[in-house]
Amino acid sequence: MRIAMIGTGYVGLVSGACFSDFGHDVVCVDKDQAKIDALHRNVMPIYEPGLDVLVASNVRAGRLTFTTDLKSAVDGADAVFIAVGTPSRRGDGHADLSYVYAATREIAQAITGPIVVVTKSTVPVGTGDEVERIIHEERPGTTVAVVSNPEFLREGAAIDDFKRPDRVVVGINDDERAREVMSEIYRPLYLNSSPLLFTSRRTSELIKYAANAFLATKITFINEIADLCEAVGADVKDVSRGIGLDNRIGSKFLHAGPGYGGSCFPKDTLALLQTGGDNETPLRIVEAVVQVNDARKRAMGRKVIKAMGGDVRGKTVGLLGLTFKPNTDDMRDAPSLAIIQALQDAGAVVKAHDPEGVEQAKRIVKDVEFVDSPYVAADGADALVIVTEWDAYRALDLRRIAGTLKTPILVDLRNVYPKAEVKRAGLTLTQVGRV
Ligand code: NAD
């Protein structure tokens, strides 16, 4: 199959590289010349484990190319995937579909024969209808099928998720040719049975939002239970295990922490609320999840301040981990941003370490000193805070840290360290949902 992938971000680049690894001919398109130039030098515009090797081998095999020229990529393709960003629209939380519609118009102008247009971007219910309408408006009489194929990969484990998905959702409204093309594109995934779930286009669009809202709800639920654990002297790690072993509940997404962040859950929950509102169907659970999570991110700053005695004016806080989760450089809506803001507002000085996120963080936060080792973050600080559970922070020399901190305070917002170990090292410990 010949595939054009529009957008070489976290989703487009991984999807394009994996499709080419399946044996398809893939052209990845981005309007950002710097990204395409970097890819031509095999420099990845994002950090995703294993992506550089996957890209290099498929480029060498001649199956994967990069261009800024959308027209040439779409010309002769069997399918064109739209994988551009759909951020929150400023002010109202609706998904900003301007990139999707702009790409659609460009695609419409570039179509030269029958083609399947696939929205991989996360888009609200009804977007596929609008994409189809735009194409017919731009190019009346074109033979085109518009398909929804939302992506469920997780940053940090994206290649594995793409190649071994729990399911691939494909939304098509009665178009046998489009179904054949999509089946053929994903055929390399079939071992014993196909992971493809065919639905209507609107259903497929909604599945993506329902999945993200459900996962956000699970995280938010355990975070509230963590607060209750602190109040009643229970241990949230044991509660998570105790409920997660029940197959009906499942153990994933039950880790208490500083609240969900990242490029998907915050914007997708907001967009789902807008869809509910537009259709006079209030989604009160999701509403509560959004509010609780927002409040939680701010509360984490207060938690650190409380652990430091209540007054942090002129004090220094060392932060470990800035990205919203490990193994990515993505800083979008990371809980660290709210924590930094709360600490700075209270008069603290922040120095921070992150294995991959510093470059993006520098563009977002001000007056933070970035250091290149967790030990330097601790050196001379009045407290050390683990915000993101990178592997690099899981086996720190806690005695060394206790020795270099001005006051031996560790705030572990990811419950990485056992209390006894921290105590032995001479540190006082504040955790989440454990006393
Ligand atoms: P991103 O911001 O990393 O990448 C988007 C890319 O599209 C950018 O490089 C941008 O330059 C490019 N682009 C925009 N308009 C273009 C155009 N007209 N022509 C060519 N290139 C264009 O975004 P992302 O994180 O990859 O997310 C893409 C979509 O996938 C979003 O809808 C997101 O919600 C969804 N999604 C993301 C994840 C994730 O983990 N990041 C997971 C599942 C789904």
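Here is what the cut-offs are and how they apply
- Residues numbered from 1 in each chain as written.
- Predicted model: local features only at pLDDT ≥ 70, side-chain atom pairs only at ≥ 80, totals over all residues.
- Heavy atoms only, no water.
- Core = buried A, V, L, I, M, F, W, Y, C linked by side-chain atoms within 4.5 Å.
- Buried < 20%, exposed > 50% of the residue type's maximum accessible area, 1.4 Å probe, protein only.
- Helix = DSSP H or I, 4+ residues; strand = E, 2+ residues; numbered from the N terminus.
- Contact = heavy atoms within 4.5 Å.
- Polar contact = N/O pair within 3.5 Å; in protein donor to acceptor, adjacent residues only side chain to side chain.
- Pairing = 2+ DSSP bridges.
- Right-handed = clockwise from strand over helix to strand, strands pointing away.
- Domains from an automatic or database assignment.
- Buried area = accessible area lost by both parts, 1.4 Å probe.
- Salt bridge = Lys/Arg side-chain N within 4 Å of Asp/Glu carboxyl O.
- Nonpolar A, V, L, I, M, F, W, Y, C, P; charged D, E, K, R; others polar.
- Axes fitted to C-alpha atoms, helices over the stretch in contact; angles between N-to-C directions.
- Near = heavy atom within 4 Å.
- Areas by Shrake-Rupley, 256 points an atom, 1.4 Å probe, with all protein chains shown as cover.

Digging into the nonpolar core
Here comes step 1: Formed by 41 residues in total, the largest nonpolar core has its most connected members in Phe19, Leu51, Phe81, Met182, Ile185 and Tyr186.
Here comes step 2: With six residues, helix H1 (residues 10-21) is the single largest residue contributor to this core.
Here comes step 3: Once residues within four sequence positions are removed from consideration, Ile185 is found in contact with Met1, Ile3, Phe19, Phe22, His24, Ala79 and Phe81.
Here comes step 4: Grouped together as the second largest cluster of nonpolar side chains are 38 residues, Ile6, Ala73, Ile219 and Val286 included.

Quick notes on the side chain of Thr220
Here comes step 1: Residue position: Thr220 is located in helix H9 (residues 201-232).
Here comes step 2: A distance of 2.7 Å separates a polar atom in the side chain of Thr220 from the backbone oxygen of Ala216.

As for the pairing of strand E6 (residues 144-148)
On a regular strand, each side chain points to the face opposite its neighbour's, so the side chains alternate between the two faces of the sheet.
Here comes step 1: In terms of burial, E6 is a largely internal element, five of the five residues being buried.
Here comes step 2: Residues of E6 alternate between two faces, with Val144, Val146 and Ser148 on one and Ala145 and Val147 on the opposite face, all of them buried.
Here comes step 3: Examined bridge by bridge, strand E5 (residues 115-119) and E6 share five bridges and lie parallel to one another. Its bridge partner being in E6, Val117 is matched across the sheet by Val146.
Here comes step 4: For the segment spanning E5, helix H6 (residues 127-138) and E6, crossover handedness is right-handed.

Let's talk about the domain arrangement of the protein chain
Here comes step 1: Entries for the protein chain in the domain assignment read domain 1 (2-199) and domain 2 (227-431).
Here comes step 2: Taking only C-alpha atoms, the centre of domain 1 and the centre of domain 2 are 33 Å apart.
Here comes step 3: With 17 residues of domain 1 at the contact, the number on the domain 2 side is 18 residues.
Here comes step 4: Surface buried jointly by domain 1 and domain 2 totals about 1,300 Å² across both partners, of which 48% is contributed by carbon and sulfur atoms.
Here comes step 5: Viewed at the interface, domain 2 and domain 1 are joined by one salt bridge.
Here comes step 6: In this assembly, domain 1 and domain 2 are joined by 10 residue pairs in polar contact (both at pLDDT 80 or more).
Here comes step 7: Looking at the side of domain 1 that touches domain 2 residue by residue, the class counts come to seven nonpolar, six polar and four charged.

A word on the sheet that holds strand E13 (residues 409-412)
Here comes step 1: If you trace the six strands from one edge of the open sheet to the other, you get E11-E10-E9-E12-E13-E14, paired in parallel fashion. The outermost strands of the open sheet, each flanked by one partner alone, are strand E11 (368-370) and strand E14 (428-430). In this sheet, adjacent strand axes meet at a mean angle of 25° when their direction is disregarded.
Here comes step 2: Contacting strand E9 (316-320), strand E12 (383-386), E13 and E14, helix H12 (residues 284-307) runs over the sheet at an angle of about 160° to E13.

Regarding the site of the ligand
Here comes step 1: The local shell around the ligand holds 25 residues, among which Asp30, Lys35, Thr86, Glu155 and Lys267 are the closest.
Here comes step 2: Measuring from an oxygen atom of the ligand, one finds a side-chain N or O atom of Asp30 at 2.6 Å.
Here comes step 3: The contact in question runs from a nitrogen atom of the ligand to an N or O atom on the side chain of Glu106, over 3.2 Å.
Here comes step 4: Compared with its free state, where it exposes 830 Å², the ligand has 91% of that area covered by protein.
Here comes step 5: Taken together, the elements giving at least two residues each to the shell around the ligand come down to H1 and helix H5 (98-110).
Here comes step 6: There are two domains that each give the shell around the ligand at least three residues, and those are domain 1 (2-199) and domain 2 (227-431).

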